[in-house]
Amino acid sequence: MSVFIVEETNMNLTDEIKNNDSVYLRCGRSNNIIVDNKVFIHDVRAIHNHNGDMEFISYNKEDGSDRQSLTVYNVESVVVESVYWSKKLFLDE
């Protein structure tokens, strides 16, 4: 299952990520994420759960042409450190 979250600074995403296959962050263009209190990842827009291993997705260009991913294994916690370039990315209908 996929969920869309309106993220905020210092928001703990651990439960949402562990209970869903994919989490999409709706507000920030450049979200800073801290994984397990030691891994810092910049520009995160989506997180995919693969049985405890997390794939963090970033798009450096607005049109999605520069997609990059990073996989962190055996993730225990995920926290939004900060939200930058805040704007709603998906319009509610």
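Scroll up to find the structure this text is about.
Residues numbered from 1 in each chain as written. Predicted model: local features only at pLDDT ≥ 70, side-chain atom pairs only at ≥ 80, totals over all residues. Heavy atoms only, no water.

A. Representation of the overall build of the protein chain within the structure. Of regular secondary structure, the protein chain possesses one helix and seven strands. The burial tally for the protein chain puts 43% of its 93 residues in the buried class. For the protein chain, the proportion of contacts with a sequence separation of at least 24, taken over those separated by at least 6, is 47%. Of the roughly 5,600 Å² that the protein chain leaves accessible, carbon and sulfur atoms contribute 46%. (Helix = DSSP H or I, 4+ residues; strand = E, 2+ residues; numbered from the N terminus. Buried < 20%, exposed > 50% of the residue type's maximum accessible area, 1.4 Å probe, protein only. Contact = heavy atoms within 4.5 Å. Areas by Shrake-Rupley, 256 points an atom, 1.4 Å probe, with all protein chains shown as cover.)

B. Representation of the packing of aromatic side chains in the model. Taken as a whole and judged by the stated rule, the model has one aromatic pair. Aromatic side chains Phe 4 and Tyr 24 sit 5.1 Å apart centroid to centroid with 25° between the ring planes, which places their arrangement in the stacked category. On the criterion of sequence distance, the pair formed by Phe 4 in strand β1 (residues 2–5) and Tyr 24 in strand β2 (residues 22–25) is long-range, its members being 20 residues apart. (Phe/Tyr/Trp six-rings, centres within 6.5 Å; stacked < 30°, edge-to-face > 60°.)

C. Here's a closer look at the environment of Val 6. Among the structural elements, Val 6 can be located in the loop between β1 and α1 (14–18). The sequence separation of Val 6 and Tyr 24 amounts to 18 residues, and the corresponding C-alpha distance is 8.7 Å. Discounting residues that sit within four places of it in the chain, Val 6 has contacts with Met 11, Arg 26 and Cys 27.

D. Representation of the nonpolar core within the structure. Core analysis: the biggest nonpolar cluster contains 18 residues, and Leu 13, Ile 33, Ile 47, Phe 56 and Val 78 have the highest contact counts within it. Looking at this core, the elements that each hand over two or more residues are β1, β2, β3 (30–35), β4 (39–50), β5 (53–59) and β7 (78–84). (Core = buried A, V, L, I, M, F, W, Y, C linked by side-chain atoms within 4.5 Å.)

E. Structural view of the pattern of salt bridges. Following the criterion strictly, the structure yields one salt bridge and no others. Ionic pairing is found between Lys 18 and Glu 76, a salt bridge with its closest N-O pair at 3.9 Å. Note that Lys 18 is positioned in helix α1 and Glu 76 in the loop between β6 (67–72) and β7, a separation of 58 residues in sequence. Since its relative accessible area comes to 39%, Lys 18 is described here as partly exposed. Relative accessible area serves as the criterion here: at 54%, Glu 76 is assigned to the exposed category. (Salt bridge = Lys/Arg side-chain N within 4 Å of Asp/Glu carboxyl O.)

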